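Notes for the structure review
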Amino acid sequence: MADGRGFAPGIALGDLAAREPADAIAVNSDTTVELAQVIDRPKISQDRDTTGSTDGGFHPHPDMVEKRNVITLARTVLVPLTLGLLLSVPTRANDDPPADEPISGMQTEVTVDGNGRVNLFVEDAALSTVLRMLAVQSGRNIIASPGVTGSVTANLYEVTFDEALQAILMANRAGYRMAGDFIYVHTLDELDELAAAAAARPVTRVFRLSYVTAADAGSYIKPLLGSDEKLSASPDPATKLESDSGDGGGQASAAQDFLIVTAHPDKLREIERIITKIDVRPQQVLIDATILRAELSDENALGIDFAIVGGVDLEMLGATSNGITDLTLGPLPQDRLERFNSTAMSDFAGDVPDGGLTVGILKDKVALFLRALEQVTNTTVLANPKVLGLNKQKGQVIVGRRDGFMTTTVTETQAMQSIEFLETGTQLIFRPFIGDDGYIRMELHPEDSVGYVNAQGLPSEQTTEVTTNVLVRDGETILIGGLFREVTTDARRQVPWLGNLPGLGPLFRSNADSSSREEVIILLTVHVVKDQRAYAAASAECLDDLERMRVGLRRGLMWHGRERVAQRQYGKAIDAYNRNDLDKAVWHLNMALSNSATLLPAIHLKERILQQRTWDEDGSGGRTFLYRLIAAERGDVRPPLGRPWFGAPSASEAEGGFEDNVTELDP
């Protein structure tokens, strides 16, 4: 069979020489050259020697030996020469074109089909020529450097453009690089030089940050940059949360933090690796602080008052008594002034607070009153704030009140007054530092306080607080602070010397004993949130519990209230709707809305049943001005908020409104 160039498959001359001359050599399907008679090979007979030769071999005739030498010479010289001449002439295959037609296989051919597949058939063609033909056929911009030389011999069938380009360049130790819409072809040495030059030239790249700030990331990267490398960072965001109506942000950047780095490619790869390591999602901790404050006070008070008069009695003195609990003496009559009169009194019952036991005795000239009181106060305050915070970020929760008071600042020229606030209640201020070993270092300041501002505008506060830095294991509860204080007071008021008399001493004194004990315990539980989904599920469950509490409080209202009646009627409407009793459902909805006109679920259900929006015209053009303007820009001329639709305006209305058909009257 002929190959693509019109030649028969190659046959080694040695093979042809080894064949017998009578063999037929098929050069192509049309031509068969028989070499049977090229050299006449006479039949050689080997006659056995009958003369009794003792060598046991054959002895050819001398004439035959001479012929054999001629045949051998013909085989070694003429046959190869003849076959070489035959094979040096191209012969036609069965399917080759006639001799007068050109042979396409001998031409350089490059085609590209509609799918971008390349067919390339070239033999010993210049590389520059093949590249030019490939560029023309594919519509690509190929530029070869002067150093790219060589030749191409290849047959490529249905390959991609990149595969074809790589194949023809690889054989000539060349390669290519892409730059926009251009393909630049270089030798491999030139490509190495370009790569080295590109590595030596700084490149600019933007790194976007999700969690680490641009300032922090920049401080880590700056030490890595050389003298010809630069770094720029996005502006720092605002860090304080303060109520300020004059600060709305303005033109402050609302974009994600980023870094712009101009450095060599190898340095950029190192910077990318570092940013990937440090810009990670921070961990969160859930902190539960328990502050328990218990106060126990025990106060005992005892006071005895007595009054003894001589020369007169209590009646003559006009004494008065409120329920025999006290005694008030009146003026001494003037006719008794020149006679002997006496009195002895004590006033200790007034030291005893109101309440308790009071005993009074009145008889002629003697009055005796005893008051006793014991007060026991047991106070327990339990504060349990919880807050979720990020690693290394300050967190603060306050549950309490703020009492304002005025302060005055006096300078040499003026006096300025300002208002400050006294914050009391339960506070928790913290900053966590999460470690990799399961421990969390905590900066903590739990506080529980009470206070007030007096009439003079001076603040007063009683507080229990702890400021500490502790190490807590994840999930464990520890005691971070405690205080136990006991105060005992024994107060006595008495008549000198008489109050110390055994037995009679209490008649001349009052006693007030008090004992107070205070205990404060602060507990802390810290947990690192590892499963965000579990935490979200627990939060959702807590939300459901709060909703149950709200519903329970609402159901505890009096049954005949308008709100409760509306809720019951709405529930009955839902039941009727589920039974497909729409008329009854509408009736219950009307009852619900008559008691609570703003019950939105009832309004929505009624509109769904009636397929009609509830509306009411407000008679104002300004309220819906913006809605109508936006609708007109969108081509929607229907009125907003479900109001009636009277159809699209007529042509005259759309152009300029209704025509003025008012007839002018003669004056």
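Each chain has its residues counted from 1, following the order in which its sequence is written. Totals for whole chains, interfaces and linings use all residues, but because this is a predicted model, local features are given only for residues with pLDDT of at least 70 and pairs of side-chain atoms are given and counted only at 80 or more. Excluding hydrogens and water, the side-chain values take into account all heavy atoms of the structure.

1. Remarks on the packing of aromatic side chains
Two rings belonging to Phe, Tyr or Trp (six-membered ring only in the last case) form a pair when the distance between their centres is within 6.5 Å. Interplanar angles under 30 degrees mark stacking, angles over 60 mark edge-to-face geometry, and anything in between is tilted. Counted under the stated rule, the structure contains two aromatic pairs. An angle of 65 degrees between the planes, with centres 4.9 Å apart, marks the rings of Phe-121 and Tyr-157 as edge-to-face. With Phe-121 in strand S4 (residues 118–126) and Tyr-157 in strand S6 (residues 151–159), this pair connects stretches of sequence that are 36 residues apart. With relative accessibility at 55%, the residue Tyr-157 sits in the exposed group. Should the NZ of a Lys or the CZ of an Arg lie within 6 Å of a ring centre and within 35 degrees of the ring normal, that charge is described as sitting over the ring. Lying over the aromatic face of Phe-161, Arg-140 brings its terminal NZ or CZ to 4.2 Å of the ring centre. The ring of Phe-433 has Arg-441 sitting right over it, with the charged end atom 4.0 Å from the ring centre. Each helix corresponds to a stretch of at least 4 residues labelled H or I by DSSP, and each strand to a stretch of at least 2 residues labelled E; elements are numbered beginning at the N terminus. Under the scheme applied here, a residue whose accessible area is under 20% of the maximum for its type counts as buried, over 50% as exposed, and between as partly exposed, the area being computed with a 1.4 Å probe on protein chains only.

2. Concerning the sheet that holds strand S7 (residues 174–179)
Overall, mixed pairing links the three strands, which are arranged S5-S8-S7 in an open sheet. Pairing within the sheet leaves two strands with one partner each, and these edge strands are strand S5 (141–144) and S7. Pairs of neighbouring strands in the sheet enclose a mean axial angle of 25 degrees, with direction left out of account. One ladder, built from six bridges, connects S7 with strand S8 (residues 182–187); its direction is antiparallel. Bridge pairing in S8 links Met-178 to Ile-183. Contacts between residues were defined by any pair of non-hydrogen atoms, one from each residue, lying within 4.5 Å. Angles run from 0 to 180 degrees between N-to-C directions of axes, and those axes are lines fitted to C-alpha atoms, restricted for helices to the stretch in contact. Sitting on the sheet, helix H4 (residues 161–170) is in contact with S5, S7 and S8, with an inclination near 140 degrees to S7. Should DSSP find at least two bridges between two strands, the strands are taken to pair.

3. A look at the environment of Thr-464
Within the secondary structure layout, Thr-464 lies in strand S20 (residues 459–465). Residue class for Thr-464 comes out buried when judged on its relative accessible area of 11%. In sequence terms Thr-464 and Val-520 are 56 residues apart; their C-alpha atoms lie 7.7 Å from each other. Discounting residues that sit within four places of it in the chain, Thr-464 has contacts with Arg-293, Pro-446, Glu-447, Asp-448, Glu-518 and Val-520.

4. Some words on the pattern of salt bridges
A pair is scored as a salt bridge if a Lys or Arg side-chain nitrogen falls within 4 Å of a carboxyl oxygen belonging to Asp or Glu. Applying the stated criterion across every chain yields a total of 15 salt bridges. Of the charged contacts, one joins Arg-402 and Glu-423 as a salt bridge, the two residues approaching to 2.8 Å between their closest N and O atoms. Of this pair, Arg-402 sits in strand S17 (residues 395–410) while Glu-423 is found in strand S18 (residues 415–434), placing the two residues 21 residues apart along the sequence. Between Glu-476 and Arg-473 there is a salt bridge whose closest N-O contact spans 3.8 Å. Take Glu-476: its relative accessible area is 38%, and that puts it in the partly exposed class. One salt-bridge network, in which partners are shared between bridges, spans Arg-431, Arg-441 and Glu-443.

5. Regarding the packing of helix H9 (residues 562–578) against helix H11 (residues 600–610)
H11 packs onto H9 with a crossing angle of 30 degrees between their chain directions and a minimal axis gap of 11 Å. Comparing their axes, H11 and H9 come out roughly parallel. The two elements H9 and H11 cross, and the hand of that crossing is left-handed. Within the contact between the two elements, H9 uses Tyr-570, Ile-574 and Tyr-577 and H11 uses Pro-601, Ala-602, Leu-605, Arg-608 and Ile-609. Class assignment for the residues of the contact of H9 with H11 results in seven nonpolar, no polar and one charged. Angle categories: roughly parallel below 35 degrees, roughly antiparallel above 145, roughly perpendicular from 65 to 115, and oblique for all the rest. Helix crossings fall into two classes, left-handed where the near helix is turned counterclockwise from the far one by less than a right angle and right-handed where it is turned clockwise. In the scheme used here, Gly and all other residues not listed as nonpolar or charged are polar, with Ala, Val, Leu, Ile, Met, Phe, Trp, Tyr, Cys and Pro taken as nonpolar and Asp, Glu, Lys and Arg as charged.

6. Points about the nonpolar core
Grouped together as the largest cluster of nonpolar side chains are 24 residues, with contacts concentrated most on Leu-120, Leu-165, Ile-168 and Leu-169. Only S4, helix H3 (127–138), S6, H4 and S8 provide two or more residues apiece to this core. If near-sequence neighbours (up to four positions away) are discounted, Leu-165 is found in contact with Leu-131, Leu-134, Tyr-176 and Ile-183. Judged by nonpolar contacts, the second largest core, of 22 residues, contains Ala-383, Val-397, Met-442 and Val-472. Side-chain atoms within 4.5 Å link the members of a nonpolar core, which is a set of buried Ala, Val, Leu, Ile, Met, Phe, Trp, Tyr and Cys residues.

7. Quick look at the environment of Arg-132
For Arg-132, the location among the structural elements is in helix H3. C-alpha separation for the pair Arg-132 and Ile-143, spaced eleven residues apart in sequence, amounts to 8.8 Å.

8. As for the pairing of strand S11 (residues 258–263)
A regular strand places its side chains on the two faces of the sheet in alternate fashion. Of the two faces of S11, the one lined by Leu-259, Val-261 and Ala-263 is fully buried and the one lined by Phe-258, Ile-260 and Thr-262 carries no buried residue. Both strand S10 (residues 230–233) and S11 contribute to a ladder of four bridges, which runs antiparallel. Its bridge partner being in S11, Ala-233 is matched across the sheet by Leu-259.

9. Brief notes about helix H6 (residues 214–221)
Turning to H6, its buried residues number three or more, namely Ala-214, Ala-217, Gly-218 and Ile-221. Along H6, the residues classed as buried sweep out an arc of 100 degrees about the axis, all on the same side. Where the residues of H6 are buried, they touch S10, S11 and helix H7 (265–278). Within this analysis, the arc is defined by the directions that extend from the helix axis to the C-beta atoms.

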